[in-house]
Amino acid sequence: VQLQASGGGFMQTGGSLRLSCTSSRGTFRGYVISWFRQAPGSEREFVAGIRWNGGNTFYKDSVRGRFTISRDIDQNTIYLQMDSLKPEDTAEYYCATGSRIITSTTGVPSAYDYWGQGTLVTVSS
């Protein structure tokens, strides 16, 4: 399974960006799909996740209310709408997926089987 992430770019504080993630498998059915990010010199951290079956969502506290993860069932695509961006949101963003993820492991990178390439988000102050 190969994941393709896109949508990163440069934005000023307060602006918005939307990231997209698609799968070579053609569907995310039965999987949890999440976005992680990694800033230079920092560990990779969980941002948001969604369970394809049912649409349950999970968020890092610092992005809750600003970021929205969603799925387009017809397009088999995951989106991360990022609003009210802050400089601390600057990072490489990765989408990841796995079929054996439970609620308690949603934020654990090692629980995911497949990763996309990163897409860089830069937010200027």
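Scroll up to find the structure this text is about.
What this report covers is the structure whose coordinates are included nearby. (Residues numbered from 1 in each chain as written. Predicted model: local features only at pLDDT ≥ 70, side-chain atom pairs only at ≥ 80, totals over all residues. Heavy atoms only, no water.)

To continue, consider unusual backbone geometry. The backbone of asparagine 76 shows a phi angle near 50°, a positive value even though the residue is not glycine. Even without a glycine there, the phi angle at serine 84 is positive, about 50°. Tracing the sequence through the fold places serine 84 in the loop between strand 8 (77–82) and strand 9 (91–98). Residue classification places serine 84 among the partly exposed positions, given a relative accessible area of 40%. (Helix = DSSP H or I, 4+ residues; strand = E, 2+ residues; numbered from the N terminus. Buried < 20%, exposed > 50% of the residue type's maximum accessible area, 1.4 Å probe, protein only.)

The subject of this paragraph is the state of the cysteines. Counted under the stated rule, the structure contains one disulfide. Between the sulfur atoms of cysteine 21 and its disulfide mate cysteine 95 the distance is 2.2 Å. Its torsion about the S-S bond being 70°, the disulfide of cysteine 21 and cysteine 95 is classed as right-handed. Remark: cysteine 95 occurs in strand 9 and cysteine 21 occurs in strand 3 (residues 17–23); sequence separation between them is 74 residues. (Disulfide = S-S within 2.5 Å.)

Taken in spatial order, the four strands of this open sheet run 1-3-8-7, and their pairing is antiparallel. Sheet topology places strand 1 (3–6) and strand 7 (67–72) at the edges, where each strand pairs with a single neighbour. Across the sheet, the mean angle separating the axes of adjacent strands is 15° when strand polarity is ignored. (Pairing = 2+ DSSP bridges. Axes fitted to C-alpha atoms, helices over the stretch in contact; angles between N-to-C directions.)

Here we come to the side chain of serine 124. By secondary structure assignment, the location of serine 124 is in strand 11 (residues 119–124). The contacts of serine 124, once residues within four sequence positions are left out, are Phe10, Met11, Gln12, Thr13 and Pro87. (Contact = heavy atoms within 4.5 Å.)

It is worth spelling out the environment of serine 125 at this point. With respect to the helices, strands and loops of the structure, serine 125 is situated in the segment after strand 11. In this structure serine 125 comes out as exposed when scored by relative accessible area, which is 84%. In sequence terms serine 125 and glycine 49 are 76 residues apart; their C-alpha atoms lie 27 Å from each other.

On the secondary structure map, phenylalanine 46 appears in strand 5 (residues 45–51). As for phenylalanine 46 and glycine 118, which are separated by 72 residues in sequence, their C-alpha atoms are 14 Å apart. Each residue touching phenylalanine 46, except ones within four places of it in the same chain, is listed here: Ser34, Trp35, Phe36, Phe58, Tyr59, Lys60, Thr106, Gly107 and Tyr112.

Bringing the packing of aromatic side chains into the picture now. Tallying each qualifying case throughout the model produces five aromatic pairs. A ring pair is formed by phenylalanine 36 and tryptophan 115, whose centres lie 5.0 Å apart and whose planes are at 50°; its orientation type is tilted. Residue phenylalanine 36 is located in strand 4 (residues 32–38), and its partner tryptophan 115 is located in strand 10 (residues 114–115); the two are separated by 79 residues in the primary sequence. Take phenylalanine 36: its relative accessible area is 0%, and that puts it in the buried class. Judged by relative accessible area, tryptophan 115 falls into the partly exposed class, the value being 27%. One aromatic cluster is present, formed by Phe36, Phe46, Tyr112 and Trp115 through successive ring pairs. (Phe/Tyr/Trp six-rings, centres within 6.5 Å; stacked < 30°, edge-to-face > 60°.)

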